[in-house]
Each structure stands twice: as structure tokens, then as C-alpha cells.
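# Geometric and topological summary
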Amino acid sequence: MLGTYNAHPLIIVGDDMTTDHISPAGAIRPQSETGRYLIERGEVPTDLNVHASRRGNWEAMVRGLYTNRTVQNLLGSDIPPGSTIHAPSGEVLPLWAAANRYAEGKQSVVIVAGERYGMGSSRDWAAKGASLLGARAVLAVSFERIHRSNLIGMGILPMRLPPDLGPEELALRPGDIFEIQADADRIAPRCSVDVVIRRCAGESTTLKAVAAIETAAEVEMLKAGGILPLMLKNLVESQRSAI
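Please read these numbers as outputs of a predicted model, since none were measured by experiment. (Residues numbered from 1 in each chain as written. Predicted model: local features only at pLDDT ≥ 70, side-chain atom pairs only at ≥ 80, totals over all residues. Heavy atoms only, no water.)

This brings us to the overall build of the protein chain. Within the protein chain, the regular secondary structure consists of nine helices and nine strands. Its C-alpha atoms give the protein chain a radius of gyration of 18 Å, within 12% of the compact-globule value 18 Å for 243 residues. Projected onto the principal axes, the alpha-carbon positions of the protein chain cover approximately 55 × 55 × 35 Å. Looking at the protein chain as a whole, 46% of its 243 residues are labelled buried. Counting only contacts in the protein chain whose residues sit at least 6 apart along the sequence, the fraction spanning at least 24 positions is 62%. (Helix = DSSP H or I, 4+ residues; strand = E, 2+ residues; numbered from the N terminus. Rg over C-alpha atoms; globule rule 2.2 N^0.38 Å. Buried < 20%, exposed > 50% of the residue type's maximum accessible area, 1.4 Å probe, protein only. Contact = heavy atoms within 4.5 Å.)

Put into C-alpha cells, the structure is as follows:
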């Protein structure tokens, strides 16, 4: 999403984080966040099936994001997959719960990743999930091309980090704040975006990210807030011109 704003890192992942790691997949365990949500609403614990059978239930699916057992959140040590540290409180929370708390506090969040972010085949829910978690931007060293495009379709700004300033080099900690200057009136394909990281210890890191935007049409989509808002905008304009 475009604009000038401050944001907390919601989750930080390393290289080769695929859409199959991001998207909910596999069996739904009764003790999982998704399982508890479904059981509380009357589902039979022994018949929860798999996440693919719940693709139309966004409340169930958002609880399964990043829960692949190999996902490591670099925001801290020993954070369970699918969880993060909510910086203002210091609590370890499921991603969806932390995202809700940030939203309630009117605080923006971003996702930070390494190289080749978004490879894999589970593409639709990977981008949709980032939107449901409230991410305004994804900052990665590099993106898989289709996932990059899908993020823009959801109104999320993908930005390329400098190769020497990936997640491990940035060494982000809870309480670090991203100051992002991505005003709509200056965004263009592959333009530079000023980013300042205000460290909770008092220091700061300044870097220039590159907007991972390839076309003027993608700029228009981001300005509208994603593909659906753009379609509605175009529909309203066409109806007005027909009157």
C-alpha cells in the first residue's frame, strides 16, 4: 500500500520462503489455531480435514498462514511457526492475533524476507494472506515474478532490499520501526524508496529500496488499492461517462 508511514515488522523470514510455506496446507490438527477456531464453532475434532477444504473460509485460512513447521521467524529466537512477537506488549502471539492487535492500535505492519521470496505453486492464498494480515509492503531481497505481481494485485507494495542488507544483515528486533516513504505521487516502475529503520535501542539504519513495480498499469493498481478496487473504480467511471 502506498503512502508515508511507520510500520512494525510482523514476520521476518530468510531465503527461499515459498508460497507453499506461506499458504495453509496439510491436515488441520485439533490443537492448531485453525482447529480450535473450527471446533469452537461446532466442527467435529476428528473430521477437520485439510486446509484446502477450507479455502472459502478466510477466518480459518488466516490462522494457518506461515504455520509450516520449517518456517522460522527471525524476529526472535524460538518463535513457533505461524507466530510472532507483538512489539508493544512483548507477547508471543499467533500471526493473525498480532496482526489484529496492530490494526486495533492503528499501527501498520510489513513483512521482511530474503532471496527468491514467493516461489512455489500455492500462489493465491500467499498474497491474499499477506493482505488479510494487514501488510502494507513486503521488503525482500528478490521476488518470484508471479508472487510479486499477485502482491500488487492485493494492493501490497513489493520492495527489493539491497543485496547486502537482507534479513540477517538487518538483524531486526521487536520494537524496530520502518519509516517508509512511498507516496503515491512519486511511485513509478523501479523507483527508489527511502526507508529508515529506527532501532528500539536508539540507532537508525537508512537504505534505499527499489519498488518492484514493472509497468504503469501496476502503478495504477497500487494507487487504487489493488485489482478489485481498481475494477470498481473503472466500473463507476464508465457508468458516469455513460450517463
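With that settled, consider the pairing of strand S5 (residues 135–140). Residues in a regular strand point their side chains to alternate faces of the sheet. Burial within S5 is extensive, with six of its six residues counted as buried. Note: strand S4 (residues 108–113) against S5, five bridges, orientation parallel. Each bridged residue has a counterpart across the sheet, and for Ala 113 the counterpart in S5 is Ala 140. Here S5 pairs with strand S6 (residues 157–160) via four bridges, running parallel. (Pairing = 2+ DSSP bridges.)

Turning our eyes to something else, we now look at helix H4 (residues 95–104). The complete set of buried residues in H4 reads Leu 95, Ala 97, Ala 98, Ala 99 and Tyr 102. On its buried face, H4 is in contact with strand S1 (3–12), strand S2 (83–86), strand S3 (91–94) and S4. The first or second residue beyond H4 is Lys 106, which carries a positive phi of 55 degrees.

This brings us to helix H6 (residues 145–153). Among all positions of H6, only His 147, Arg 148, Leu 151, Ile 152 and Gly 153 are buried. Looking at the buried side of H6, the elements it contacts are helix H1 (19–22), helix H5 (123–132), S5, S6, helix H8 (216–224) and helix H9 (227–242). For H6, the N-terminal cap is Glu 144; the gap from its side-chain oxygen to the backbone nitrogen of Ile 146 is 2.9 Å. One or two steps after H6, the chain reaches Gly 155, where phi turns positive at roughly 80 degrees. (Polar contact = N/O pair within 3.5 Å; in protein donor to acceptor, adjacent residues only side chain to side chain.)

Turning our attention to the packing of H5 against H6. Here H5 crosses H6 at 45 degrees, and the two axes come no closer than 9 Å. Taken together, H5 and H6 sit at an angle that is classed as oblique. Read as a crossing pair, H5 and H6 show a hand that is right-handed. In contact with Arg 123, Ala 126, Ala 127 and Ala 130 of H5, H6 contributes Ile 146, His 147, Asn 150 and Leu 151. Class assignment of the residues belonging to the contact of H5 with H6 gives a composition of five nonpolar, two polar and one charged. (Axes fitted to C-alpha atoms, helices over the stretch in contact; angles between N-to-C directions. Parallel < 35°, antiparallel > 145°, perpendicular 65-115°, else oblique. Left-handed = near helix turned anticlockwise from the far one by under 90°. Nonpolar A, V, L, I, M, F, W, Y, C, P; charged D, E, K, R; others polar.)

The next thing to look at is the environment of Ala 182. You can see Ala 182 is positioned in strand S7 (residues 177–182). Distance from Ala 182 to Thr 4, taken between C-alpha atoms, is 5.5 Å for residues 178 residues apart in sequence. The residues contacting Ala 182, other than those within four sequence positions of it, are Leu 2, Gly 3, Thr 4, Leu 157, Ile 187 and Val 193.

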